[in-house]
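Below, each chain spelled out in residue letters.
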Amino acid sequence: MDLGGGYGRLAEFLLPEFKVSYVIVEAVALSLLVAPQYISQILHIEVNDYWGTRDRDFKKYALSVWPTWEIQDIIPQADILINIHSMQEMGDDKCAFYLDLFDRLKKEGAFVFLKNNYRYITRKWNFPGRWQIIYDHNAWPCTEGFVDGVWQDTPRTWVRIFQ
């Protein structure tokens, strides 16, 4: 699941390489309209989307594009949950909501990849206590302040918040 997947940039890269059911969850109406058209034309696949097929069985499609306001109760549990540069545009309450949603939607052992600049809006990211950071990267000086990490659910009750 890719929260804030936009027009499908990451899906365009991953879908030809991996046999997966990829779900873009998006709040921007234009992205909800553009992503299905763009990906279907670039990759020549049928895309399940909210405005067209409206099929809630996401596993039947390589790509589904769905609005945030419809996703909470219908998305299947995910192996990988992704957010790149969307949470930095949200308030703390929305970030907390989506981190909780990620926690509820992920399968046991799933990965969560986040890349966001937490300096924009958040003083503290409240990651679920059993998440363990397995990758933390700040390679370039120009990306100082970005949350760039991968978490995995673990039985431990600690989490690393980095600055």
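Residues numbered from 1 in each chain as written. Predicted model: local features only at pLDDT ≥ 70, side-chain atom pairs only at ≥ 80, totals over all residues. Heavy atoms only, no water.

Of all hydrophobic cores here, the largest spans 26 residues; its most connected members are M1, L3, I71, I75, L81, M87 and F102. Counting only elements with at least two residues in this core, the list comes to β2 (22-26), β5 (78-84), α4 (92-105) and β6 (106-117). Of all the elements, α4 adds the most residues to this core, at six residues. Core analysis: the next-biggest nonpolar cluster, separate from the first, contains twelve residues, L14, A35, I39 and V65 among them. (Core = buried A, V, L, I, M, F, W, Y, C linked by side-chain atoms within 4.5 Å. Buried < 20%, exposed > 50% of the residue type's maximum accessible area, 1.4 Å probe, protein only. Helix = DSSP H or I, 4+ residues; strand = E, 2+ residues; numbered from the N terminus.)

It is a general feature of regular strands that their side chains alternate between the two faces of the sheet. Counted residue by residue, β2 has five buried out of five residues, so it is predominantly covered. Covered by surrounding structure in β2 are Y22, I24 and E26 together with V23 and V25, the residues of both alternating faces. By the bridge criterion, two bridges tie strand β1 (residues 2-3) to β2 in an arrangement that is parallel. Across the sheet, D2 pairs through a bridge with I24, a residue of β2. Crossover handedness for the path β1 to helix α1 (residues 9-14) to β2: right-handed. (Pairing = 2+ DSSP bridges. Right-handed = clockwise from strand over helix to strand, strands pointing away.)

What follows covers the pairing of strand β4 (residues 63-67). Buried residues dominate β4, accounting for five of its five residues. Burial along β4 is two-sided: the face carrying L63, V65 and P67 and the face carrying S64 and W66 are both buried. Judged from the five bridges that link them, β2 and β4 form a sheet pairing that is parallel. Looking at β4, one finds that I24 is bridged to V65. Both strand β3 (residues 47-49) and β4 contribute to a ladder of three bridges, which runs parallel. Residue V47 lies in a different strand from β4, and its bridge partner there is L63.

Read these as spatial facts, not as claims about activity.
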